[in-house]
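One-letter residues, chain by chain:
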Amino acid sequence: MLYNVFARAKRVLIGRPMRSDAMGHQLLPKRIALPIFASDALSSVAYAPDEILLTLALAGGLAALQSIWVGVVVAAVLAVVVLSYRQTVHAYPSGGGDYEVVTTNLGRTWGLVVASALLVDYILTVAVSISSGAAYITTALPSLAGHEVLIAVLLVIILSLLNLRGTKEAGGAFAIPTYIYMGAIALMVIVGFVQMATGHLGSAPTAQYELVASDQFSSGLAGLAGAFLLMRAFSSGCAALTGVEAISNGVPMFKRPKSKNAASTLALLGLIAATMMLSILILARATGVKIVDDAVEQLTLNGQPVGEETVVSPAIGQIASAVFGHGSILFLLVTTVTGLILVLAANTAFNGFPTLASVLSRDSFLPRQLYKRGDRLSYSNGIVVLALAAIILIVGFKAQTTRLIQLYVLGVFISFTLSQLGMIRHWNRALRMRQTGSERGAVLRSRAVNIIGFMMTGLVLLIVLATKFTHGAWITLIMIAVVFCVQLGIQHHYTQIRSQLRVDDWSAKRALPTRVRALVLVSNLSRPSMRAIAAARASQPSALELVSVVADDDEEAHIRKEWEESGLPIPLTLLSSPYRDLNQVVLQYVRGRRRRAPEEMLVVYMPQFLVRHWWENAMHNQTAVRLRRALLSVPGVVITTVPWKLGEDDEVEGRQLINDPFKSDEHYSSAHENTRPPSLASK
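Here is what the cut-offs are and how they apply
Numbering of residues begins from 1 in every chain and follows the order in which that chain's sequence is written. Note on the predicted model: pLDDT of at least 70 is required for a residue's local features to be given, and 80 or more for side-chain atom pairs to be given and counted; whole-chain, interface and lining totals, by contrast, use all residues. The side-chain values count all of the structure's non-hydrogen atoms but skip hydrogen atoms and water molecules. The secondary structure listing takes helices from DSSP runs of H or I that are at least 4 residues long and strands from runs of E that are at least 2 residues long, numbered from the N terminus. Categorising residues by exposure relies on relative accessible area from a 1.4 Å probe, with only protein chains included: less than 20% of the type maximum marks a residue as buried, more than 50% marks it as exposed, and the intermediate range marks it as partly exposed. Any two residues whose heavy atoms approach within 4.5 Å at even a single point are treated as in contact. Working definition: a ring pair exists when centres of Phe, Tyr or Trp rings (six-membered ring for Trp) sit within 6.5 Å. Plane angles under 30 degrees give stacked, over 60 give edge-to-face, the rest tilted. For a lysine, the NZ atom is tested; for an arginine, the CZ atom; a charge sits over a ring if that atom is within 6 Å of the ring centre and within 35 degrees of the ring normal. Note on pairing: DSSP must find at least two bridges between two strands before they are called paired. Note on definitions: angles span 0 to 180 degrees between N-to-C directions of axes, and those axes are lines fitted to C-alpha atoms, for helices only across the stretch in contact. By definition here, a helix of n residues has an expected span of 1.5 Å times n minus one. Salt bridge criterion: a side-chain nitrogen from Lys or Arg within 4 Å of a carboxyl oxygen from Asp or Glu. Every angle not falling under 35 degrees, over 145, or within 65 to 115 is termed oblique; those three ranges are roughly parallel, roughly antiparallel and roughly perpendicular. Helix crossings get a hand from a simple test, with the near helix turned counterclockwise from the far one by less than a right angle marking a left-handed crossing and a clockwise turn marking a right-handed one. Residues were grouped as follows: Ala, Val, Leu, Ile, Met, Phe, Trp, Tyr, Cys and Pro as nonpolar; Asp, Glu, Lys and Arg as charged; and all remaining residues, including Gly, as polar. Each direction from the helix axis to a C-beta atom contributes to the arc, which is the arc of those directions. In protein, a polar contact requires one atom able to donate a hydrogen and another able to accept it; more generally it is a pair of N or O atoms within 3.5 Å, and residues adjacent in sequence count only if both atoms are side-chain atoms. Note on scores: pLDDT gives the predictor's confidence for each residue, bounded by 0 and 100. Distance thresholds for patches are 9 Å for like charges and 5 Å for nonpolar side chains (Val, Leu, Ile, Met, Phe, Trp, Tyr), applied to residues having over 30% relative accessible area and no salt bridge. Surface exposure here means Shrake-Rupley accessible area, sampled with a 1.4 Å probe, where a residue is shielded only by the protein chains that are shown. Counted charges follow a simple rule, with Lys and Arg positive, Asp and Glu negative, and His plus the chain ends left uncounted. The atoms used to mark charge sites are NZ of Lys, CZ of Arg, CG of Asp and CD of Glu.

**Section: the overall build of the protein**
Here is step 1: Of the regular secondary structure elements, the protein holds 25 helices and eight strands.
Here is step 2: Among the 683 residues that make up the protein, the fraction classed as buried is 51%.
Here is step 3: In the protein, 81% of the contacts between residues at least 6 apart in sequence involve partners at least 24 apart.

Written out as structure tokens, the structure is:
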């Protein structure tokens, strides 16, 4: 009954199972693939500019004006990464992405490093995107302020359920909000630029405040401290590059021609993301947007510190207020869809993480359960693992985007850098093959792109390590190291299993045992016990005996009387257990049998008593379950469970089970008169 309730709930939430041959209908056209795979990168314009402005604000108002140039450098890095990944999707279209590139060209160890970094990055993508989305939701609906953690957790659960329903169905649900978001931001940018050109652009809600530089950066961006802050702002802005690698992992999910469609989607992603980010930074400067972590310490009004009630909204929210007017319909549209796209951005990870986990599972680095597809042809186990890991981070960091984003960029730039190096090795190998002049020229150009990409992403990686290590990047390194070691441990386990299961000498393994000894464990000779005895006799073993554990003389006399009255031509062995430790007594006897005759097969038959309703289990002990578990530790023993369900004999023989509880008790008592309660035969 309980199983049926869960099964029906699963069908309502997830949908009916899909046939394996329906996989072709789950492949994605470009119009659906863009919102699925590009939503992470597109959503970066919602928080990457904020992080640039937030970091530069530490050095005062003049430093914050340099945000546009920081954005230009980030856009340049994004362009190079997009170009290099367009080559990757053509060269390695199987879906392994950076993991496959690095493993093939740099070796298994480096491949595992990349895989670990990507898995951690996907988890952080969900945590950061959902937390940022929750912050935007509370901006649009101030009454929800203070409940960001609960909102974020609920959003992760909803997103997981949508993805469990299938990739294409989830993509269809996400496509419309993503395109509305793109349209809303485009409208805000166009109207903002027109107002800026005509002199009618309004001011942001924080434009009236002045930024106060911290003591560490009192001279602005001058000196070594200023250069370090500038690099830190750049590394924070590089969050805009996250999500680019997801397309290289998801090439098999595109419609044919897969590589071409994936490359086209990648190019469109880069163009839209870079344009939106730069446009927002320009409008933020024009409207006087201020983004700070602590308003009381960093903002002043007419030379006086602001109050604790001062609200500093995200950059897009402030720009929308300046362009459309605070509280207007278009303002609410922009802030609402921005919060929504931040939630949907996590969907990129919900497609990338399970796919990569499936590839790693295929290679024996993750549990086998992550390799198989679920009822709706999605990697359901990977989706559940990702959701649980993200919820742990969200709760642990209290859904604070600023704290989470410090962990965010490191993992993706580790994979970027190693992937570029792997592609350089790939093109070097291609140059050693016989080629025409035009083919060689194409390879040289491709290698040049990856060399530039390697230098740029490597430099960014060093900057991220230098600027963010003490701000939380060390936690990411620990997480990557833990995932790396776990994968090595899983691979070692599977290697041992394969070695133990492999048959080296088929002729020896086909040999039958010289003897088969069967033991039937009983506590009495009730119907379940007689069913087990019948099953053992039907197998015609070389030797058969009944084994019963007794705690005192009364139990011994009872079982011996039943055995004599039954007339069974089977010897009865009674094991004394004055301390009522049934498991240890049976284990000791079974081990003794194995030691005395290691050449014979020992089969232990155990009756299992099944009730008609799940709630009735609470009225029966679990002795047989614990004993079965204990017997599994004895090598060379075969365990056979013989089930017997209450009322089964009546059903098999065509009789109706008595429903009257008093008559039922009477019927049961007469059938089992003078029997002690089943223990070995209990469920």
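**Examining the packing of aromatic side chains**
Here is step 1: Under the defined criterion, the tally for this structure stands at two aromatic pairs.
Here is step 2: Arranged with centres 5.2 Å apart and planes meeting at 85°, the rings of Phe413 and Phe416 form a pair that is edge-to-face. Taken together, the positions of Phe413 and Phe416, both in helix α17 (residues 409–431) and three residues apart, correspond to about one turn of that helix. Per residue, the accessibility class of Phe413 equals that of Phe416, and both read buried.
Here is step 3: Among the aromatic residues, ring-to-ring pairing joins Tyr85, Phe413 and Phe416 into one connected group.
Here is step 4: The ring of Tyr494 is capped by Arg368, whose NZ or CZ atom sits 4.4 Å from the centre of that ring.

**A few points about the sheet that holds strand β4 (residues 516–521)**
Here is step 1: The strand order across the open sheet built from five strands is β6-β5-β4-β7-β8, with neighbouring strands paired in parallel fashion. Every other strand in the sheet has two partners, leaving β6 (572–576) and β8 (637–645) as the edge strands with one partner each. Here the strands of the sheet are splayed against their neighbours by 25° on average, with no regard to which way each runs.
Here is step 2: Across five bridges, β4 lies against strand β5 (residues 543–550) in parallel orientation. In the strand pairing of β5, Arg517 is matched with Ala543.
Here is step 3: Most of the contacts of helix α22 (residues 582–596) go to β5, to which it runs at about 155°, and overall it touches β4, β5, β6, β7 (601–610) and β8.

**What about helix α11 (residues 258–287)?**
The α-helix winds at 3.6 residues per turn, so residues separated by three or four positions along the chain end up facing the same way.
Here is step 1: For α11, built from 30 residues, the straight-helix expectation of 44 Å at 1.5 Å per residue is met to within 8% by its first-to-last C-alpha distance of 43 Å.
Here is step 2: One or two positions beyond α11, positive phi appears at Gly288, with a value near 75°.

**Describing the pattern of salt bridges**
Here is step 1: All chains considered together, the criterion is met by six salt bridges.
Here is step 2: Residue Glu545 is joined to Arg517 by a salt bridge in which the shortest nitrogen-to-oxygen separation is 3.4 Å. One end of the pair, Glu545, is in strand β5; the other, Arg517, is in strand β4, and 28 residues separate them in sequence.
Here is step 3: In this structure, the salt-bridge partner of Glu600 is Arg517, at a minimum N-O distance of 3.1 Å. Of this pair, Glu600 sits in the loop between α22 and β7 while Arg517 sits in strand β4; the two residues are 83 residues apart in sequence, bridging distant segments of the chain.
Here is step 4: A residue is classified by how much of its surface remains accessible, and Glu600, at 6% relative accessible area, is buried.
Here is step 5: The network of salt bridges with shared partners includes Arg515, Arg517, Glu545, Arg593 and Glu600.

**Observations concerning the packing of helix α5 (residues 97–106) against α17**
Here is step 1: The contact between α5 and α17 brings their axes to 8 Å, and the two run at 50°. Taken together, the axes of α5 and α17 lie oblique to each other. In terms of crossing hand, the pair formed by α5 and α17 is left-handed. In this structure, α5 uses Asp98, Val101, Val102, Thr104, Asn105 and Leu106 to contact α17, whose residues at the interface are Ser415, Phe416, Leu418, Ser419, Leu421, Gly422, Met423, Arg425, His426 and Arg429.
Here is step 2: Classifying every residue of the contact of α5 with α17 gives seven nonpolar, six polar and three charged.

**Focus: helix α23 (residues 623–631)**
Here is step 1: When we look at burial in α23, the residues that qualify are Thr623, Ala624, Leu627, Arg628, Ala630 and Leu631. Seen along its axis, α23 keeps its buried residues to an arc of 160°; they face one direction.
Here is step 2: Lining the buried residues of α23 we find β4, α22, β7 and β8.

**Observations regarding the environment of Ser358**
Here is step 1: Position of Ser358 among the secondary structure elements: in helix α14 (residues 329–362).
Here is step 2: The exposure class of Ser358 is buried, given its relative accessible area of 4%.
Here is step 3: For Ser358 and Leu370, which are twelve residues apart along the polypeptide, the C-alpha to C-alpha distance reads 5.4 Å.

**With respect to the side chain of Ser235**
Here is step 1: Of note, Ser235 is situated in helix α9 (residues 223–237).
Here is step 2: Overall, the relative accessible area of 0% leaves Ser235 in the buried class.
Here is step 3: Reaching out from Ser235, the side chain makes a polar contact with the backbone oxygen of Arg232 at a distance of 2.7 Å.
Here is step 4: Sequence-distant contacts of Ser235, defined by excluding residues within four places in its chain, comprise Val409, Ile463, Val464, Thr467 and Lys468.

**A look at the sheet that holds strand β2 (residues 299–301)**
Here is step 1: Read from one edge to the other, the open sheet built from three strands follows the order β1-β2-β3, with strand pairing classed as antiparallel. Only two strands of the sheet have a single neighbouring strand rather than two, namely β1 (210–211) and β3 (304–305).

**So, unusual backbone geometry**
Here is step 1: Positive phi outside glycine occurs at Ala399, with the angle close to 55°.
Here is step 2: Mapped onto the elements of the fold, Ala399 is located in the loop between α15 (380–396) and α16 (401–405).
Here is step 3: Given a relative accessible area of 8%, Ala399 falls into the buried group.

**Some words on the pairing of β6**
Here is step 1: In terms of strand pairing, β5 meets β6 through five bridges, oriented parallel. Paired with Val550 across the two strands is Ser576, which belongs to β6.

**Some points on the confidence of the model for the protein**
Here is step 1: Residues with a pLDDT of 70 or more make up 83% of the protein, whose mean pLDDT is 81.
Here is step 2: This model gives residues 20–25 a pLDDT under 50, and the stretch forms five contacts once residues within four places in sequence are excluded.
Here is step 3: Scored below 50 in pLDDT, residues 657–683 makes 57 contacts in the model with residues more than four places away or belonging to other chains.

**A few points about the side chain of Asn261**
Here is step 1: Of note, Asn261 is situated in helix α11.
Here is step 2: Not counting residues within four places of it along the chain, the set of residues in contact with Asn261 comprises Lys30, Phe254, Lys255 and Arg256.

**Considering a nonpolar patch on the surface**
Here is step 1: Together, Leu462, Leu465, Phe469, Trp474, Ile478, Val482 and Val486 line one region of the surface with nonpolar side chains, adding up to about 620 Å² of accessible area.
Here is step 2: Turning to its location among the elements, Leu465 is positioned in helix α18 (residues 437–501).

**Some remarks on a negative patch on the surface**
Here is step 1: Together, Asp293, Asp294, Glu297, Glu308 and Glu309 make up a region of like negative charge exposed at the surface.
Here is step 2: Residue position: Asp294 is located in the loop between α11 and α12 (295–298).

**Observations regarding the environment of Ile68**
Here is step 1: Examined against the element boundaries, Ile68 turns out to sit in helix α4 (residues 67–91).
Here is step 2: Under the relative-accessibility criterion, Ile68 is labelled buried at 16%.
Here is step 3: Among residues more than four places away in sequence, those in contact with Ile68 are Leu278, Leu281, Ile282 and Arg285.

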